[in-house]
Amino acid sequence: MRKLWDKERLYESVEQNIALFKRMFAGDDTVKIRHFRHPSLSSLYGCVIYIDGMVSHDTLSNNILRPVLSYQPVEDDDGHSFMEIITDWLIDAGDLHFSDEMDHILNSLLYGETLLLLEGQAKALIIGTQGWQSRSISDPGTEKAVLGPRESFTESLTVNLSMVRRRVNSADLKFKFMELGKTTNTRICLCYVESVVSPKILKQLIKRLEGLDIEAILDSGQLQEMIRDTPLSLYETVGNTERPDAVAGKILEGRIAILVDGSPFTLTIPFLFVEYFQVSEDYYSNYFFASFNRIIRFLGEFLAISIPAIYISLVTYNQEMMPTALLLSIAAARLAVPLPTVVECFMMLIVFEILREAGTRIPTSIGQAVSIVGALVLGQAAVDARVVSAPMVIVVGFTGITTLLNIKMKAASIFSRFLLLSLSSFLGIYGYLFGMIGLIIHLMSLHSFGVPYMLTAGSFKEEDIRDTVFRMPWWQTSLKAPLSQARQRIKKVSR
């Protein structure tokens, strides 16, 4: 739209402006043009232009057309133009402004605002009449919690911003709007607390966003992939969440939230590795229990990527590291299995991923049935048929359960698991150790907008570990550190 009509300008003639918009939106029946002429003032002639389905018809009729058509001149009107009378006295709308820039006029129209054009005026009055249908606020679908707020973001940018504003009720909270996508002109909003955000990170983020050359932005997931520091890494350096309370907590620590119109998921930067294991419920429950749960999540991720590799190493290459009784039990279970242990493990892991993907994509009403059939019937049938051994079913099942502890690391866990398994199948326990060392080196080398991905990893200072593996009590955090330690570290490192 911009490329085709950026040189066009509005005319003083309403008929010419109507012809212009008809040419612009030829073939689009949703663009409605409503003429009006005052019954007693022939000079009061104009039209309203709007997109059907994007505006509130009650607002359009009761707050715009009816007041204008029922207007009766009085003595105080002398010296005022019709446009001034309409804007100052007649139209009842919270947002209205003039514009003669075609680029801005088109974007406003496409976003659900109404254009009012009058005879003799070469500018449009843009009126906020958005009224499209949107999903109501509901419980988070991917970040369930027993304690804490139950609200989640929706696809409406305005609603999402209001939820953030209600939690951070401060004039220091800033919203910066941008438009991305040559065709879609998708609105995004950068949300941050000005006094604690790193100006360097903010400037770098804006530079990356302005440098994007893309036709369409339909979801925040596209931005997450395009603005991250290391596109080829398995681990995300841009966070995402659908919880308003999580976004509020992160921006208070100096991070920047990116809200995309049409997406219920908000991006946050910078994003650190430890945030994979932090959930909102940790901050609403007892700090002993929250710390215990975090340890479980860290342990779960380690087991999710390590169990198959360690099992293959011990059974195939390093049998001397296993107790004799356990080794004999595994050997007896595998006595009639024709497949090598490595092939058996790869096959079972792939079958598990197939079942996981099937359970995710199929309708909810039959998803549970597929999970039960896959876990019980197929697993038991495979053992009875001597296709796989019982210990392998236990290994793969436990691996799948531990993967679900950190669902946001699903992709990284799957590929890391297969990588370690491949190395272990060739070099045994040494291959596993080499793979883990390489994985740690890779994590240590990552950055998120200039901030080390493994910030504070290996540190034993109290202020560095206050909200990492353990969560310290609120009274200790609040009294000794009015400004969050995470906030201070991010600002210091990003300078």
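Here, the structure is the one placed above.
Residues numbered from 1 in each chain as written. Predicted model: local features only at pLDDT ≥ 70, side-chain atom pairs only at ≥ 80, totals over all residues. Heavy atoms only, no water.

Go over the overall build of the protein with me, naming the residues and quoting the values.
The secondary structure content of the protein amounts to 18 helices and 12 strands. When the 495 residues of the protein are sorted by exposure, 46% land in the buried category. Long-range contacts, defined as pairs at least 24 residues apart, comprise 66% of the intrachain contacts of the protein with a sequence gap of at least 6. Within the structure as shown, the protein displays about 25,000 Å² of accessible surface, and the carbon and sulfur contribution to it stands at 61%. (Helix = DSSP H or I, 4+ residues; strand = E, 2+ residues; numbered from the N terminus. Buried < 20%, exposed > 50% of the residue type's maximum accessible area, 1.4 Å probe, protein only. Contact = heavy atoms within 4.5 Å. Areas by Shrake-Rupley, 256 points an atom, 1.4 Å probe, with all protein chains shown as cover.)

Could you give an account of the side chain of Ser-13, naming the residues involved and the relevant values?
Inspection of the secondary structure assignment puts Ser-13 in the loop between helix H1 (2-5) and helix H2 (14-24). By relative accessible area, Ser-13 is classed as buried at 18%. Within the local environment of Ser-13, its side chain forms a polar contact with the backbone nitrogen of Glu-15, the two atoms lying 3.4 Å apart. (Polar contact = N/O pair within 3.5 Å; in protein donor to acceptor, adjacent residues only side chain to side chain.)

Any details on helix H10 (residues 287-317)? Residues and values, ideally.
Counted at 1.5 Å a residue, the expected span for H10 with its 31 residues is 45 Å, and the 43 Å between its end C-alpha atoms agrees. Taken as a whole, H10 carries its principal kink of about 45° at Ser-306; the proline Pro-308 stands between one and four residues after it. Looking at where H10 begins, the residue whose side-chain oxygen comes 2.8 Å from the main-chain nitrogen of Phe-288 is Asn-286. (Expected span 1.5 Å × (residues − 1). Bend = angle between axes of the 7 residues up to and from the residue.)

Before we move on, can you summarise a nonpolar patch on the surface with the specific residues and values?
Together, Phe-426, Leu-427, Tyr-430, Leu-433, Phe-434, Ile-437 and Ile-441 line one region of the surface with nonpolar side chains, adding up to about 810 Å² of accessible area. Among the secondary structure elements, those contributing two or more residues to the nonpolar patch are helix H15 (410-427) and helix H16 (429-445). Among the elements that line the nonpolar patch, the one with the most residues is H16, at five residues. Following the sequence through the fold, Leu-427 ends up in helix H15. (Patch = residues over 30% accessible without salt bridge, like charges linked within 9 Å, V, L, I, M, F, W, Y side chains within 5 Å. Salt bridge = Lys/Arg side-chain N within 4 Å of Asp/Glu carboxyl O.)

Can you lay out the nonpolar core for me, pointing to particular residues and giving the numbers?
Counting 26 residues, the largest nonpolar core has Ile-188, Leu-190, Leu-205, Leu-209, Leu-223, Ile-256 and Ile-258 as the members making the most contacts within it. Contributing elements (two or more residues each) for this core: strand E6 (173-180), strand E7 (186-193), helix H7 (199-210), strand E9 (256-260) and strand E10 (266-269). Sorting elements by how many residues they give to this core places H7 first, with five residues. Other than its neighbours up to four places away in sequence, Leu-223 contacts Leu-180, Ile-188, Leu-209, Leu-212, Ile-217, Ile-258, Val-260 and Leu-267. (Core = buried A, V, L, I, M, F, W, Y, C linked by side-chain atoms within 4.5 Å.)

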